[in-house]
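Observations on the three-dimensional arrangement
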Amino acid sequence: MSSLTIALPSIGEKQPARLLRWNDGLTRFALSWPFPLAVLLIWYVAAEYEWLPPQILPPPSMVASTFIDLVRTGELPENLWISMWRVLAGFAAGGLGGLALGVLMGLSPTAKDYLYPTFRLIAQVPSIGWLPLLMMLVGIGEALKIILISKAAFVPIALNTYKGLQGVSTRFIEVARVYRFTRWQLLSKVVFPAALPQVWNGIRYGLTHAWLALVAVELLASSEGLGFMIVYGRQLYQLDVVLAAVVVVGAIGFALDKILALIEQRLLRWRTDGF
Amino acid sequence: MKSIRETDLRGFVLPVAFLVLWYVVTALQLVNTKLIVPPGAVLDSAWKVVTSGQLLGGLQASLTRDIAGFAAGSAAGILLGLLLGISRWAERLIGPTFHTLKQISLFAWLPLLSTWLGTGEAAKILFVALSAFYPVALSTFEGVRGVTRAQVEVARVLGFNRWQLVSRLILPAASPQIATGLHLALLYAWLATIGAEYLLGSSAQGIGNVVIRGKATFHVELIIVGMLLIGLVGMVLNRLASLVESRVLHWRGPVH
């Protein structure tokens, strides 16, 4: 890191008392509302006075009631469930494959020499670029979705795992040698923990990419799922359905990210002791 | 050096094995050759579509879109990132909304954009811009946040005005992060360009359209050539970005 961008631990910032800090959080929370509320108001006014036809801009109340309807009829939960299943299956398959390949390339230079160039080749074409070819090869069934999502998760996880393992400082390994660690101890006590932050980074990217790929593949080739709801709503000019589905897509993305952040806090807790 | 040469060759083992397998399998008619076309046919039609200009025309159209969207999106991203980074109030007012909206998976915007703007050039470029916007805004914000109080105080002592503060201190100090964001945005913009072409507009020019048309007309060769081209462009963009990055940030010296 350059000397210019090292963030000093908040010198000069006044250290608020506990109560004050709580107050600060409250202010923060309160201040986060005016902007979205203003947007909502403009949206409401624009829809109310029909600046745009309701097919193109449905009023917020309509989106809300559509949302409730979709939940009540089970349409939304059903499609959501299908999408979630796809993303988790694809993420699990691609993630495990990515971890395996990353570890293999990270630990064995020979394996890396053989596999890395091909891996780069596959990674170079963005996931959505694979879609037409995969459609030809495996059809537009469930396999297509799982494969594409796996690929999207696979690449960042494999890459970060490999780089993370490679970046483990030789000094750590030397210390481990001095302590006469066995090979297994070296891996489990030194190499893997040291690589964990970057591996975890890869996992987070992998999940984001998987979610991105899911929406793309469902938009292009699907007859159920959140992405399909969006396409379907758009074809029927039911923008209320589209917007409701988009909100859910955002909420799930948010939730997935939060869950991983929470796990990270637990998993990498030891790291905060460093500074 | 012998060892480097050896390593280079080992990287070819897998692709070559794959090519041989592909050739053998199609030559012996072990698979449906309509679906899995022989490598020779791919090469043949690659040559044909490249020389006919179909692919290159598409490539040009796609790159124009890509660059227009990238430029617009990253300019907006730097501005918003700067605003959020400098102003506490802006960060408190807009920040939460921004961080919430960024969770919406990129492609989910596409149907909305196409309803509002149609499936023409405007919708595509806006989508590409949106995809470039988020990484740039986020990394600019982080870069600006990394400027230390001490640095700002020095600038105050030197009597910098607001503009000087931004142009001489904040932007240069945040430039490594901004560069990272731009780099990421370049890759996302290319992905979005292809995605927009897949999902919107079937008659327009574009490399994505060529691929989709290849799929619709069952020309697997066309799809493969298109894919390779998409990958190649992504790779070139990536290399270029790395090159520019290391040049522009030269003053920082080696990173690690």
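Counting restarts for each chain, with residues numbered from 1 along the sequence as it is written. Chain labels run from A onward and ligand labels from 1 onward, assigned in the order the entries are written. Thresholds applied to this predicted model are a pLDDT of at least 70 for local features of residues and 80 or more for the giving and counting of side-chain atom pairs; totals over whole chains, interfaces and linings are not thresholded and use all residues. Think of the side-chain values as coming from all heavy atoms in the structure, minus any hydrogens and water.

1. Regarding the overall build of chain B
The secondary structure listing takes helices from DSSP runs of H or I that are at least 4 residues long and strands from runs of E that are at least 2 residues long, numbered from the N terminus. Counting secondary structure elements, chain B contains 10 helices and zero strands. Written out in order from the N terminus, the α and β elements of chain B read α-α-α-α-α-α-α-α-α-α. For the radius of gyration, the atoms used are the C-alpha atoms, and the globule rule reads 2.2 Å times the number of residues raised to 0.38. Here the C-alpha atoms of chain B give a radius of gyration of 23 Å, more than 25% beyond the 18 Å that 2.2 N^0.38 yields for 256 residues. Projected onto its principal axes, the C-alpha coordinates of chain B cover approximately 80 × 60 × 30 Å. Looking at chain B as a whole, 46% of its 256 residues are labelled buried. Counting only carbon and sulfur atoms, one obtains 69% of the accessible surface of chain B, whose full area is about 13300 Å². Positive and negative side-chain charges of chain B, numbering 20 and 11 respectively, have mean locations separated by a distance of 6 Å. Exposed residues in this analysis have more than 50% of their type's maximum accessible area, buried residues have under 20%, and partly exposed residues fall in between, with area computed by a 1.4 Å probe over protein chains only. Only the protein chains shown count as cover for residues, and all accessible areas are computed by the Shrake-Rupley method using a 1.4 Å probe. Counting rule for charge: Lys and Arg are taken as positive, Asp and Glu as negative, and neither His nor the chain ends is counted. To locate a charge, take NZ of a lysine, CZ of an arginine, CG of an aspartate or CD of a glutamate.

2. Remarks on a positive patch on the surface
Taken together, the side chains of Arg88, Arg149, Arg156 and Arg162 of chain B make up a positively charged region of the molecular surface. For Arg88 of chain B, a relative accessible area of 55% corresponds to the exposed category. Like-charged residues within 9 Å of one another, or nonpolar side chains (Val, Leu, Ile, Met, Phe, Trp, Tyr) within 5 Å, are grouped into patches, provided each residue has over 30% relative accessible area and no salt bridge. Here, a salt bridge means any side-chain nitrogen of Lys or Arg that lies within 4 Å of a carboxyl oxygen of Asp or Glu.

3. Overview of the confidence of the model for chain B
Residue and element names in this part refer to chain B. Averaged over every residue, the pLDDT of chain B is 87; residues scoring 70 or more account for 94%. Think of pLDDT as the predictor's per-residue confidence, scored from 0 to 100. Here helix α1 (residues 2–27) stands out as the element of chain B with the lowest mean pLDDT, 80, in contrast to helix α6 (residues 121–145), whose mean of 94 is the highest. Predicted complex, confidence summary: ipTM 0.84, pTM 0.86.

4. Some words on the pattern of salt bridges
All names here are of chain A. Across all of its chains, the model carries 11 salt bridges over all chains by this definition. The closest approach of N and O atoms between Glu264 and Arg204, which form a salt bridge, is 2.8 Å. On the criterion of sequence distance, the pair formed by Glu264 in helix α11 (residues 239–267) and Arg204 in helix α9 (residues 183–220) is long-range, its members being 60 residues apart. Judged by its relative accessible area of 23%, Arg204 is partly exposed. By sharing partners, the salt bridges in this structure join Arg86, Glu142, Glu218 and Glu224 into a single network.

5. Some details on the interface of chain A and chain B
Much of the literature gives interface size as the accessible area that the parts lose upon coming together. Contacts between residues were defined by any pair of non-hydrogen atoms, one from each residue, lying within 4.5 Å. Between chain A and chain B, the contact holds 57 residues from the first and 54 residues from the second. Here's the idea: put two parts together, see how much 1.4 Å probe accessible area each one loses, and the total over both is what we call buried area. Where chain A abuts chain B, roughly 5100 Å² becomes buried across the two surfaces, and 72% of that area is made up of carbon and sulfur atoms. Per-residue buried area on chain A facing chain B is highest for Leu31, Met136 and Leu212 of chain A; these three make up 13% of the total on that side. Counting across the interface, chain A meets chain B through two salt bridges. The shortest N-O distance in the salt bridge between Glu91 of chain B and Arg28 of chain A comes to 3.2 Å. Here a polar contact means two N or O atoms within 3.5 Å. Within protein one must be a hydrogen donor candidate and the other an acceptor candidate, and residues neighboring in sequence count only if both atoms are side-chain atoms. At the boundary of chain A and chain B, one finds six residue pairs in polar contact (both at pLDDT 80 or more). For the side of chain A that touches chain B, the secondary-structure elements that each account for two or more residues are α1 (18–31), α2 (34–48), α5 (109–124), α6 (127–138), α9, α10 (226–235) and α11 of chain A.

6. Let's talk about the nonpolar core
One recurring pattern in soluble globular proteins is that nonpolar side chains are buried together. Residues grouped as a nonpolar core are buried Ala, Val, Leu, Ile, Met, Phe, Trp, Tyr and Cys residues, joined through side-chain atoms within 4.5 Å. Among the nonpolar cores identified, the biggest contains 111 residues, and Trp211 and Ile230 of chain A together with Phe107, Phe127, Trp190 and Ile207 of chain B are the most heavily contacted of them. Considering every element that reaches this core, the biggest residue donor is α9 of chain A, with 18 residues. Counting residues in each nonpolar core, the second largest holds 12 residues, with Val152, Ala173, Ala174 and Ile178 of chain B among its members.

7. Here's the deal with the UniProt feature "transmembrane region" (unreviewed entry) in chain A
Residue and element names in this part refer to chain A. UniProt positions are given in the numbering used here, feature names are shortened, and annotations may be inferred rather than shown by experiment. Those places that UniProt annotates as "transmembrane region" (unreviewed entry) correspond, in this numbering, to residues 26–46, 84–107, 119–140, 209–232 and 239–263. Span residues 26–46 is 90% helix and 0% strand, its end C-alpha atoms 31 Å apart. Helix makes up 100% of residues 84–107 and strand 0%, and the two end C-alpha atoms of the span are 33 Å apart.

8. Quick word on the environment of Pro109 of chain A
Relative to the assigned elements, Pro109 of chain A resides in helix α5. Each C-alpha atom, one on Pro109 of chain A and one on Gln166 of chain A, is 9.9 Å from the other, the two residues being 57 residues apart in sequence.

9. So, helix α7 (residues 142–166) of chain A
All names here are of chain A. With 25 residues, α7 should reach 36 Å at 1.5 Å per residue; the first-to-last C-alpha distance of 36 Å fits that figure. A residue's bend is simply the angle between two axes: one fitted to the seven residues ending at it, one to the seven starting at it. The principal kink in α7, of about 25°, is found at Phe154, preceding the proline Pro156 by one to four residues. Burial analysis of α7 places 18 of its 25 residues in the buried class, which makes it a mostly covered element. To estimate the expected span of a helix, subtract one from its residue number and multiply by 1.5 Å.

10. Overview of the packing of aromatic side chains
For Phe, Tyr and Trp, rings pair up if their centres lie within 6.5 Å, where Trp contributes its six-membered ring, and each pair is then called stacked (planes under 30 degrees apart), edge-to-face (over 60) or tilted (otherwise). A full pass over the atoms with the stated rule returns 11 aromatic pairs over all chains. Ring geometry for Phe98 of chain B versus Phe133 of chain B: centroids 6.1 Å apart, planes at 90°, classification edge-to-face. With Phe98 of chain B in helix α4 (residues 88–101) and Phe133 of chain B in helix α6, the pair connects residues that are 35 residues apart, well separated along the chain. Each member of the pair, Phe98 of chain B as well as Phe133 of chain B, carries the same accessibility label: buried. Placement of a positive charge over a ring is assigned whenever Lys NZ or Arg CZ falls within 6 Å of the ring centre and within 35 degrees of the normal to the ring plane. Between Arg10 of chain B and the ring centre of Tyr114 of chain A, over which it is positioned, the NZ or CZ distance is 5.8 Å.

11. Comments concerning the UniProt feature "transmembrane region" (unreviewed entry) in chain B
Residues and elements named next belong to chain B. Residues annotated in UniProt with the feature "transmembrane region" (unreviewed entry) correspond here to residues 12–31, 67–86, 106–134, 178–200 and 220–241. The straight-line gap between the two end C-alpha atoms of residues 106–134 is 10 Å; of that span, 79% is helix and 0% is strand. When the span residues 178–200 is considered, its composition is 96% helix and 0% strand, and the gap between its end C-alpha atoms is 31 Å.

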